[in-house]
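# Structural overview
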Amino acid sequence: MSILNILRYPDARLHKVAAPVTVFDAPLKKLALDLAETMYAAPGVGLAASQVDVHKQVIVVDVSERRDSLITLVNPEIIERSGESDIEEGCLSVPGIYDTVPRAERVKVRAWDANGNSFTLEAQGLLAVCIQHEMDHLKGKVFVEYLSQLKQTRVRARLAKQLRKSA
Ligand code: K2U
Ligand code: ZN
């Protein structure tokens, strides 16, 4: 397994739309395992393939305290949603920025696992927010784009300063 490079906002590649997976083969399983290893190493509670410049509809999430409840979702689609959430979000592609954005409190998701078996998942709280956040990545959307123009300007300035410091 490998730890993959995570793209940093505002990298244009984060805005590419991911394609549905059509072949459930060994490379797909390796991608899912590499995504999980990269997520745990970051550390994070979710990661989308878009964030490692692989534009396929694959996400991994694990919001458990013990980091032992990995869920891999291929070609995920939300089939039911309800309520409103105010959980603060972060993003491994936008380090150091945390804010709340409009999310459903509960979602029912249909997806496939890396072996091609379909399933449905009912989620609420952080898991629901994380799944919606990762599914946005697959659509080329980063959570800071929900924020006001003023906040987005400040985010870009802060990330540019981080980049200059690390150069
Ligand atoms: O997409 C990502 O970069 C993964 C995010 C997942 C996340 C989405 C919504 C709300 C929280 C997390 C990373 O895990 S960011 C790191 C993190 C972890 C726990 C709570 C907040 C932020
Ligand atoms: Zn993110």
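My aim in this report is to walk through the structure given alongside it, one point at a time. (Residues numbered from 1 in each chain as written. Chains lettered and ligands numbered in written order. Predicted model: local features only at pLDDT ≥ 70, side-chain atom pairs only at ≥ 80, totals over all residues. Heavy atoms only, no water.)

Another aspect to go through is the site of ligand 1. Residues in contact with ligand 1 amount to 15 residues; listed here are only the nearest, Val45, Gly46, Leu92, His133 and Glu134. At a separation of 3.0 Å, an oxygen atom of ligand 1 approaches a polar side-chain atom of Gln51. Within the side chain of Glu134, an N or O atom sits 2.9 Å from an oxygen atom of ligand 1. In the complex, the protein chains occlude 85% of the 480 Å² of accessible area that ligand 1 would expose alone. In this structure, ligand 1 is accommodated by the largest pocket. Broken down by element, the shell around ligand 1 gets its largest block of residues, 6 residues, from helix 2 (residues 125-138). Class assignment for the residues of the shell around ligand 1 results in 7 nonpolar, 6 polar and 2 charged. (Near = heavy atom within 4 Å. Polar contact = N/O pair within 3.5 Å; in protein donor to acceptor, adjacent residues only side chain to side chain. Areas by Shrake-Rupley, 256 points an atom, 1.4 Å probe, with all protein chains shown as cover. 1 Å grid on protein atoms, 1.4 Å probe; cavity = no way out; pocket = protein on both sides within 12 Å on 5 of 7 lines; lining within 4 Å. Sits in = over half its atoms within 2 Å of the grid points. Helix = DSSP H or I, 4+ residues; strand = E, 2+ residues; numbered from the N terminus. Nonpolar A, V, L, I, M, F, W, Y, C, P; charged D, E, K, R; others polar.)

Let us now look at the layout of surface pockets. Taken as a whole, the largest pocket spans an internal volume of roughly 310 Å³. Lining the largest pocket are 19 residues, and of these Gly44, Val45, Gly90, Cys91 and Leu92 sit closest to its centre. When residues in the lining of the largest pocket are grouped by element, the largest group, 5 residues, is from helix 2. Of the residues belonging to the lining of the largest pocket, the class tally is 10 nonpolar, 6 polar and 3 charged. (Points joined across faces, edges and corners; volume = space filled by probe spheres on them.)

Moving on, we come to unusual backbone geometry. The residue after Tyr9, namely Pro10, is reached through a cis peptide bond having omega 10°. Relative to the assigned elements, Pro10 resides in the segment before helix 1 (26-41). The peptide bond linking Ala42 to Pro43 adopts the cis configuration, its omega dihedral lying at -5°. Following the sequence through the fold, Pro43 ends up in the loop between helix 1 and strand 1 (46-48). Backbone geometry places Asp53, a non-glycine residue, at a positive phi of 65°. Look at Asp53 and you get partly exposed, because its relative accessible area is 30%. (Buried < 20%, exposed > 50% of the residue type's maximum accessible area, 1.4 Å probe, protein only.)

What follows concerns the environment of His133. Locating His133 in the fold gives a position in helix 2. The spatial distance from the C-alpha of His133 to the C-alpha of Ala36 is 16 Å, given a sequence separation of 97 residues. Beyond its immediate stretch of four places on either side in the chain, His133 contacts Glu89, Gly90, Cys91, Arg103 and Phe143. For His133, the side chain forms a polar contact with the side chain of Glu89, separated by 2.9 Å. (Contact = heavy atoms within 4.5 Å.)

Take the packing of aromatic side chains next. Under the criterion given, the structure shown has 0 aromatic pairs. The lysine or arginine in question, Lys141, covers the ring of Tyr146, its NZ or CZ lying 4.1 Å from the ring centre. (Phe/Tyr/Trp six-rings, centres within 6.5 Å; stacked < 30°, edge-to-face > 60°. Lys NZ or Arg CZ within 6 Å of the ring centre and 35° of its normal.)

Bringing the coordination of the zinc ion (ligand 2) into the picture now. Every protein donor of the zinc ion (ligand 2) is accounted for by Cys91 (SG), His133 (NE2) and His137 (NE2), and the metal-donor separations fall at 2.1 to 2.2 Å. For the zinc ion (ligand 2), the single-chain donor residues occur in sequence as C-x41-H-x3-H. Taken as a pair, Cys91 in the loop between strand 3 (71-82) and strand 4 (106-112) and His133 in helix 2 lie far apart in primary sequence, 42 residues in all. Judged by relative accessible area, which is 5%, His133 ranks as buried. (Donors = N, O, S within 2.8 Å, 3.2 Å for Na, K, Ca; no water.)

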